[in-house]
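Topology and contacts: notes
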Protein chains: 2
Amino acid sequence: MEPIAHIRTPFAEKFGVPRQGNLAPHVISEIVFEPAYRSMDCVRGLEQFSHLWLIWQFHCNGTEWHPTVRPPRLGGNTRLGVFATRSPFRPNGLGLSVVRLVSVEPGPVLRVSGADMVDGTPVFDIKPYIPYADSLPEATSGFTAQPWHPLAVEICAPLPPQATPEWVAGMQEVLAQDPRPAYQDDPEREYHLVLLPLEITFRVSGGVARVLRVAPAPRRG
Amino acid sequence: MEPIAHIRTPFAEKFGVPRQGNLAPHVISEIVFEPAYRSMDCVRGLEQFSHLWLIWQFHCNGTEWHPTVRPPRLGGNTRLGVFATRSPFRPNGLGLSVVRLVSVEPGPVLRVSGADMVDGTPVFDIKPYIPYADSLPEATSGFTAQPWHPLAVEICAPLPPQATPEWVAGMQEVLAQDPRPAYQDDPEREYHLVLLPLEITFRVSGGVARVLRVAPAPRRG
């Protein structure tokens, strides 16, 4: 199994990657193919599809897994079987995400929105989303059906010029999903979230994420 | 990458595997875990979900792939990029299917319906289907949006005792999808389709699949 591509996303670290990528439509990512697949032939006709499946690797994790995991949506206390969750700590470490196809650029490079992956994630496969087979609105789910309340976002800091309107919209979408670990609720605690090219410092209390500082992200590596 | 399970389906051969598994709800398959994952802990809570994703290997194919493929739905004449199709001949040979979870049995063994996989297919991952993330009824697709006309099925042969009502329902669902290659339309040609434990002989003409013979499937291997 070899990556066919890597995805460039603004998420330099795991912290801040949206739990639900489709709720961050302003976050744009780019899928860049490996040399063996750099042919427009490989993606001929892809522009006919609005959405794509990506099968990818949770490459930030080791290979360790446990039969049960504690999903954040359940407050981090209840154990479920690893195959009953979308946990990143799983045998074979495969991720599955649907993204919206924004455009097919020369290269080819695929511009997509809604990716829930760390920058540089290896991609093993890309498939078109086919609604008649893949869309099952009547499917029932367990714990994930619990209502979830987005945070309000208040920007209490000056924004540097790199903070384009698109970037700010993406920041609001990312913060609204409450990136904090499920078991943390300290109103004084400052969090640092890298949304390239910037780093956001924020606090959360009373259902509101307050942006305290926005500054260029530290150099990586 | 190691299989976590294998799936037992009635499709002993590629011929007859439904193009759309969800249109063959009476075809029941069983997912049998590999020894390292044979713990009920691994599937704890899975019964809360009505549908599952399977990521699996197109193990009947070699590793050969071409940048473009000719999808059967387009009559086999039009070339599309491999990543714009769900073709089995693709880099890394990964398949992606949604199945309905019928029951979780001891083992664990997962009974599922709607699998579009050959018997013995290796499974790399099982994930719950989460409608709020995975179900996109508004997604648009290209060629696959073309209307498709199911065949009528006429049973013109005695049925042996292994042909339970469930099996017959499954047979009708499989034949209605017209298993013939897209470019074949010879009303005299006899086709043989193994739907374990039986083999079906049929012809197709005028939008009707006529079942000529149903008999125990030949021994395999």
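Everything in this summary refers to the structure shown in the same document.

Turning to the packing of aromatic side chains, a few remarks are in order. Two numbers describe a pair of aromatic rings. These are the distance of the centres and the angle of the planes. Within this structure, the stated rule accounts for 17 aromatic pairs over all chains. Through pairs of rings, three or more aromatic residues link up here, namely Phe33 and Tyr37 of chain A together with Trp65 and Phe83 of chain B.

Turning next to the sheet that holds strand E3 (residues 51-57) of chain A. Residues and elements named next belong to chain A. One closed barrel holds the six strands; their spatial order is E1-E2-E7-E6-E3-E8, and the pairing between them is antiparallel. Across the sheet, the mean angle from the axis of one strand to that of its neighbour is 45°, orientation sign disregarded. Both E3 and strand E6 (residues 94-105) contribute to a ladder of seven bridges, which runs antiparallel. Across the sheet, histidine 51 pairs through a bridge with arginine 100, a residue of E6.

Let us now look at unusual backbone geometry. Among all residues except glycine, the phi angle is most often negative; among peptide bonds, the trans geometry is most common. Residues and elements named next belong to chain A. A cis amide bond links glycine 107 with the next residue in sequence, proline 108, at an omega value of -5°. In this structure, proline 108 sits in the loop between E6 and strand E7 (109-113). Positive phi, normally seen in glycine, also occurs at asparagine 92, with a value near 75°. Along the chain, the position of asparagine 92 falls in the loop between strand E5 (80-81) and E6. A positive phi angle, near 55°, is found at aspartate 178, a position not held by glycine. Relative to the assigned elements, aspartate 178 resides in the loop between helix H2 (165-176) and strand E10 (191-195). Taking the relative accessible area as the measure of exposure, aspartate 178 reaches 16% and is therefore buried.

The next point concerns the side chain of serine 87 of chain B. All names here are of chain B. On the secondary structure map, serine 87 appears in the loop between strand E5 (80-81) and strand E6 (94-105). Overall, the relative accessible area of 11% leaves serine 87 in the buried class. If near-sequence neighbours (up to four positions away) are discounted, serine 87 is found in contact with Phe58 and Val69.

Moving on, we come to the environment of arginine 213 of chain A. Residues and elements named next belong to chain A. Relative to the helices and strands, arginine 213 is located in strand E12 (residues 208-216). Taking the relative accessible area as the measure of exposure, arginine 213 reaches 43% and is therefore partly exposed. Sequence separation between arginine 213 and glutamate 199 is 14 residues; the distance between their C-alpha atoms is 8.0 Å. With sequence-adjacent residues up to four places away left out, arginine 213 is seen in contact with Ala157, Glu190, His192, Glu199, Ile200 and Thr201.

How each quantity is defined
- Throughout, a residue's number is its position along its own chain's written sequence, starting from 1.
- Chains carry letters and ligands carry numbers; both start at the beginning, A for chains and 1 for ligands, and go up in the order they are written.
- The predicted origin of the model limits local features to residues at a pLDDT of at least 70 and limits the giving and counting of side-chain atom pairs to 80 or more, whereas totals for whole chains, interfaces and linings rest on all residues.
- Each side-chain value is derived from all of the structure's non-hydrogen atoms; neither hydrogens nor water enter the calculation.
- Ring pairs shown here join Phe, Tyr and Trp side chains whose ring centres sit within 6.5 Å, with only the six-membered ring taken for Trp; geometry is labelled stacked below 30 degrees between planes, edge-to-face above 60, and tilted in between.
- Any two strands with at least two DSSP-identified bridges between them are counted as paired.
- Where helices and strands are cited, they refer to DSSP runs of H or I of at least four residues and of E of at least two residues respectively, numbered from the N terminus.
- Every axis in this analysis is a line fitted to C-alpha atoms, fitted for helices over the stretch in contact. Angles between the N-to-C directions lie between 0 and 180 degrees.
- Partly exposed residues are those whose accessible area sits between 20% and 50% of the maximum for their type, while under 20% is buried and over 50% is exposed, using a 1.4 Å probe and protein chains only.
- Contact definition: two residues touch when any of their heavy atoms are within 4.5 Å.

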